[in-house]
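Understanding the architecture of this molecule
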Amino acid sequence: MLRLIIGVAAGYVLGTKAGRVRYEQISAATRAVTGSPVTRKLVQVGRQKLSDRLSTRPQLEPMEPLDERTTVLVPHDQLRR
C-alpha cells in the first residue's frame, strides 16, 4: 500500500512540474491524430475487417443474373470455380 501511495505522489509531482502547457500540447496532438480523416478511415477499415472475420453469416457471391431484376446469391464456399 505504501508503494502505491509513493507512486501516486511521484506521478502527481512529476505531472505538475510538466505543467499546463505540456498538457495542452499533448491534448492538441491527440485531438489532431484522432480527428484526422486518415485515422478515421483506418479505424473504419479495421472494424470492418474484424466484423467480417467474426461474422457467422456466410459470405454470398452473385452468380449469373437470371434476368435484369433477379440475381442468385450463393455462399462463397459453395461456388464452383
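What you are looking at is a predicted structure, and each value in this text was computed from that prediction instead of being measured. Residue numbers run consecutively from 1 along every chain, following the written order of its sequence. Owing to the predicted nature of the model, reporting of local features is limited to residues with pLDDT of at least 70; listing and counting of side-chain atom pairs is limited to 80 or more, with chain, interface and lining totals taken over all residues. To get the side-chain values, all heavy atoms of the structure are used, and hydrogens and water are removed first.

**Things to note about the overall build of the chain**
- Helix and strand counts for the chain come out as 2 helices and 2 strands.
- Secondary structure counts use DSSP, requiring at least four H or I residues in a row for a helix and at least two E residues in a row for a strand, with both numbered from the N terminus. Counting from the amino terminus, the chain carries its helices and strands in the arrangement α-α-β-β.
- All accessible-area figures derive from a Shrake-Rupley calculation using a 1.4 Å probe, and residue coverage is judged against the displayed protein chains alone. With an accessible surface of roughly 8000 Å², the chain has 59% of that area assigned to carbon and sulfur atoms.

**Comments concerning the confidence of the model for the chain**
- Each residue gets a pLDDT score, which is the predictor's confidence in that residue and runs from 0 to 100. For the chain, the mean per-residue pLDDT works out to 79, and 83% of the residues sit at or above 70.
- The secondary structure element of the chain with the lowest average pLDDT is strand β1 (residues 60-62), at 65, and the one with the highest is helix α2 (residues 37-54), at 90.

**Focus on a nonpolar patch on the surface**
- Like-charged residues are merged into a patch within 9 Å and nonpolar side chains (Val, Leu, Ile, Met, Phe, Trp, Tyr) within 5 Å, provided each residue has over 30% relative accessible area and no salt bridge. Salt-bridge detection follows one rule: a side-chain nitrogen of Lys or Arg within 4 Å of a carboxyl oxygen of Asp or Glu. On the surface, a nonpolar cluster with roughly 470 Å² of combined accessible area is contributed by Met 1, Leu 4, Ile 5 and Val 8.
- Summarising the element assignment, Val 8 is placed in helix α1 (residues 2-35).

**Concerning α2**
- Relative to the 26 Å expected for 18 residues at 1.5 Å per residue, α2 spans 26 Å between its end C-alpha atoms, a close match to the ideal helical length.
- For each residue, the accessible area found with a 1.4 Å probe, counting protein chains only, is set against the maximum for its type, and the residue is called buried under 20%, exposed over 50%, and partly exposed in between. For α2, the buried fraction is low: 0 of the 18 residues fall into the buried class.
- The term polar contact refers here to a pair of N or O atoms within 3.5 Å; inside protein, the definition further demands a hydrogen-donor-capable atom paired with an acceptor-capable atom, and it admits residues adjacent in sequence only when both atoms are side-chain atoms. The residue sitting at the N-terminus of α2 and contributing the capping side-chain oxygen is Ser 36; that oxygen lies 3.2 Å from the backbone nitrogen of Val 38. A helix is expected to reach a length of 1.5 Å times the quantity of its residues less one.

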